[in-house]
Number of protein chains: 2
Amino acid sequence: MNIAIYGYGNLGRGVECAVQQNADMSLVGIFTRRDPASVKTLYNTPVYPAAEIDTFADRIDVLILCGGSATDLPEMTPALSRRFNVVDSYDTHATIPAHFEKTDKAAREGGHIALISCGWDPGMFSLNRLYAGVLLPDGKDYTFWGRGVSQGHSDAIRRIDGVLDARQYTVPVAESLEAVRSGSMPELTTREKHRRECYVVVAEGADKAAIEQQIKTMPNYFADYDTTVTFITQEELDRDHRGIPHGGFVIRTGKTGVDNCHTHTIEYRLQLDSNPEFTASVLVAYARAVDRLSKRGVTGCKTVFDIAPADLSPLSAEELRATLL
Amino acid sequence: MNIAIYGYGNLGRGVECAVQQNADMSLVGIFTRRDPASVKTLYNTPVYPAAEIDTFADRIDVLILCGGSATDLPEMTPALSRRFNVVDSYDTHATIPAHFEKTDKAAREGGHIALISCGWDPGMFSLNRLYAGVLLPDGKDYTFWGRGVSQGHSDAIRRIDGVLDARQYTVPVAESLEAVRSGSMPELTTREKHRRECYVVVAEGADKAAIEQQIKTMPNYFADYDTTVTFITQEELDRDHRGIPHGGFVIRTGKTGVDNCHTHTIEYRLQLDSNPEFTASVLVAYARAVDRLSKRGVTGCKTVFDIAPADLSPLSAEELRATLL
């Protein structure tokens, strides 16, 4: 299976790594809008100008799109799905239906498959919401994120005058997790679900009290949360907060039996040292399924909901039944 | 969607309850090898003799088989899949491939679908082993069961002279769970993974020390485990150990990135107040998928690995994308 990468940031690098772990895949190349000569890859993967991708059409089975959801993917995914089977990680939940419609039309017209909104949320968390919901129809599910780095919240802090650098962690509130697991189906406010930890580097002479106040009262980002602000040096930030960990929980509790006498808890948890590398691993597994579906003549836009689990695995159906069932 | 139940023990009663929670399903009836007049159902579902099931062929969309894996299902599933779409919970892991082959042949010849080995293990745990394995190919997975009642181990204790009743709980060893979650990928012995708690009622004058010794040294069942034996009265057993709780964990940890520098943990956990009712809920959700696949002309034997998640849900593809993705 010949895979190519379109866009080479953290996610693209993660895909380059993930392909090395899958013996049935090889990398055709990385396509970038930057000058290819300026791009150093991790495994000597060849780099080509994005503009030349059409000339590779018959050498690429699946193209993994590693652009951002804000501006790249809304254009990139429909355009490229006319000529390639693609997988993307479009993660703006509210506009997934619109992204689906546009991409579905293009992919069908081009006779290709586009699998969108793949990763862990949307992606594995979505799958777990679906599975848990069908198993416990009389129940309630909860998604908690973290402990993990929110790039958007870190950026928001960095935009404050006097702030040189910042890292923000989203942290699920432990007591609320326990309340959810107990099956009591609590109604939780925004503040009760997550808290926010900020590590901030400021310029010499900056007014720390004013900056802390500005962070804690920032609408949408922090005002609705219990937020802690810790001032640290750039050296400390570089040493202790370099990683991009993330993760979270999807928990559903529900009732069964006569008079709903029995309670059940289904919990799915991710603890990820590297958010982009794990997301990349999900994209690569679904690329395998896209290639298989394409070879069966399937076209159009798909999501993780449409993919039978067996199509993700390099093992045969017989091997899966004998070893994993 | 018209569902029927074949066999009416704990699992059959669970299916009768689960169907009530799914508005798109109704129950045609319960088929039993006992005298129908002797069977009292939970929701006034009609009861018919198993021998008459063929006369209901055009009224049943999916027949849920609620027999046991030891002797019922190996005969029942192939035989009934010639005339009906069926779902079973065949759970003897080692002989699943043989059960599959026999059932696949029968179902194809009859033009029906048989979904086998559905439930939570095999079933949801199998799915989570598959998903976690494709996402973290360079890793290791662990399945822990419990805290929950093992019927087989409880029965083994009851066969000891002087024992009147017994309940055995399988319990995962907490320290081993933590070691697995840490990503250290430990090699765990049988004893390190689970311990066994036994609650035993004995006859007056029975030799408790001898019974405890007999339990703890019983080959296969207890000898390889740290086992605790607590003697209680029948009243205590009936009051505190009436339920059939179960559950467990599927945990996979794996590495990604250059030189495998990042560790990830995927954990799926079930805590079930009622093992048979949750198993029944899984069977009912997969019955929906079987009906849909059958209406698309699919035939043969399937497992949970072959079913796209969307086919389990009463929601449309549009609703799923808008609300759960």
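Anything mentioned here points back to the structure above.
To keep things clear, this report deals only with the structure shown in the data block.

Reading guide: rules and limits
Residues numbered from 1 in each chain as written. Chains lettered and ligands numbered in written order. Predicted model: local features only at pLDDT ≥ 70, side-chain atom pairs only at ≥ 80, totals over all residues. Heavy atoms only, no water. Helix = DSSP H or I, 4+ residues; strand = E, 2+ residues; numbered from the N terminus. Rg over C-alpha atoms; globule rule 2.2 N^0.38 Å. Contact = heavy atoms within 4.5 Å. Lys, Arg positive; Asp, Glu negative; His and termini not counted. Charge placed at Lys NZ, Arg CZ, Asp CG, Glu CD. 1 Å grid on protein atoms, 1.4 Å probe; cavity = no way out; pocket = protein on both sides within 12 Å on 5 of 7 lines; lining within 4 Å. Points joined across faces, edges and corners; volume = space filled by probe spheres on them. Expected span 1.5 Å × (residues − 1). Buried < 20%, exposed > 50% of the residue type's maximum accessible area, 1.4 Å probe, protein only. Polar contact = N/O pair within 3.5 Å; in protein donor to acceptor, adjacent residues only side chain to side chain. Least-squares fit on C-alpha atoms with pLDDT ≥ 70 in both. Buried area = accessible area lost by both parts, 1.4 Å probe. Salt bridge = Lys/Arg side-chain N within 4 Å of Asp/Glu carboxyl O. Nonpolar A, V, L, I, M, F, W, Y, C, P; charged D, E, K, R; others polar. Pairing = 2+ DSSP bridges.

Looking now at the overall build of chain A. The helix and strand tally for chain A stands at 11 helices and 14 strands. A compact globule built from 325 residues should have a C-alpha radius of gyration of about 20 Å, and chain A, at 22 Å, falls within 12% of that. Seen along its three principal axes, the alpha-carbon backbone of chain A occupies a region of about 65 × 60 × 35 Å. Long-range pairs, those at least 24 residues apart, make up 69% of the contacts in chain A with a sequence separation of at least 6. With 34 positive and 43 negative side-chain charges, chain A shows a spacing of 2 Å between the two charge centroids.

Overall, the coordinates contain 3 cavities of 30 Å³ or more when judged by the stated rule. Lining the largest cavity, in full, are A:Met124, A:Leu127, A:Asn128, A:Tyr131, B:Met124, B:Leu127, B:Asn128, B:Tyr131 and B:Tyr268. When contributions to the lining of the largest cavity are tallied by element, the ones reaching two or more residues are α4 (124–135) of chain A together with α4 (124–135) of chain B.

Residue and element names in this part refer to chain A. For helix α10 (residues 275–295), which comprises 21 residues, the first-to-last C-alpha distance of 31 Å matches the rise-based estimate of 30 Å (1.5 Å per residue) to within 8%. Of all 21 residues in α10, 18 are buried; the element is thus mostly enclosed. One side-chain oxygen of the residue at the start of α10 lies 3.1 Å from the amide nitrogen of Glu277, identifying that residue as Ser274. A positive backbone phi angle near 90° is found at Gly297, which sits one or two residues after α10.

Let us now look at the relation of the copies chain A and chain B. Overlaying chain A with chain B gives an RMSD of 0.0 Å, the required rotation being 180° about an axis along which the chain moves by 0.0 Å. What we have between these two chains is a two-fold relation. Taking C-alpha positions as reference, the residue of chain A nearest the rotation axis is A:Ala308, located at 1.9 Å. Both copies present the same face, since 100% of the interface residues in chain A are matched by interface residues at the equivalent positions in chain B.

Turning to the interface of chain A and chain B, a few remarks are in order. Every contact between the two is made by 66 residues of chain A and, on the other side, 67 residues of chain B. Carbon and sulfur atoms supply 64% of the area buried between chain A and chain B, which totals about 5700 Å² over both sides. Sorting the residues of chain A by area buried against chain B places A:Leu135, A:Arg321 and A:Leu325 first, and these three jointly supply 14% of that buried surface. There are 0 salt bridges connecting chain A and chain B. In this structure, the connection of chain A to chain B is made through 27 residue pairs in polar contact (both at pLDDT 80 or more). Contributions of two or more residues to the side of chain A that touches chain B are made by α3 (96–110), α4, β12 (246–256), β13 (262–272), α10 and α11 (317–323) of chain A. At 11 residues, β13(A) tops the list of elements feeding residues into the side of chain A that touches chain B. Taken together, the residues of the side of chain A that touches chain B sort by class into 37 nonpolar, 18 polar and 11 charged. Sheet topology note: the β13(A)/strand β13 (residues 262–272) of chain B ladder contains 9 bridges and is antiparallel.

Take the pattern of salt bridges next. Residue and element names in this part refer to chain A. Under the definition given, this model contains 44 salt bridges over all chains. When the shortest N-O distance is used, the salt bridge between Arg108 and Asp104 registers 3.0 Å. On the criterion of helical spacing, the pair formed by Arg108 and Asp104 is a turn pair, its members being 4 residues apart in helix α3. By relative accessible area, which is 47% here, Arg108 ends up partly exposed. The partner of Glu109 in a salt bridge is Lys105, and the shortest N-O contact between them spans 3.0 Å. Highlighted residues: Glu109 and Lys105, both in helix α3, separated by 4 residues, approximately one helical turn. The class of Glu109 is partly exposed, set by a relative accessible area of 48%.

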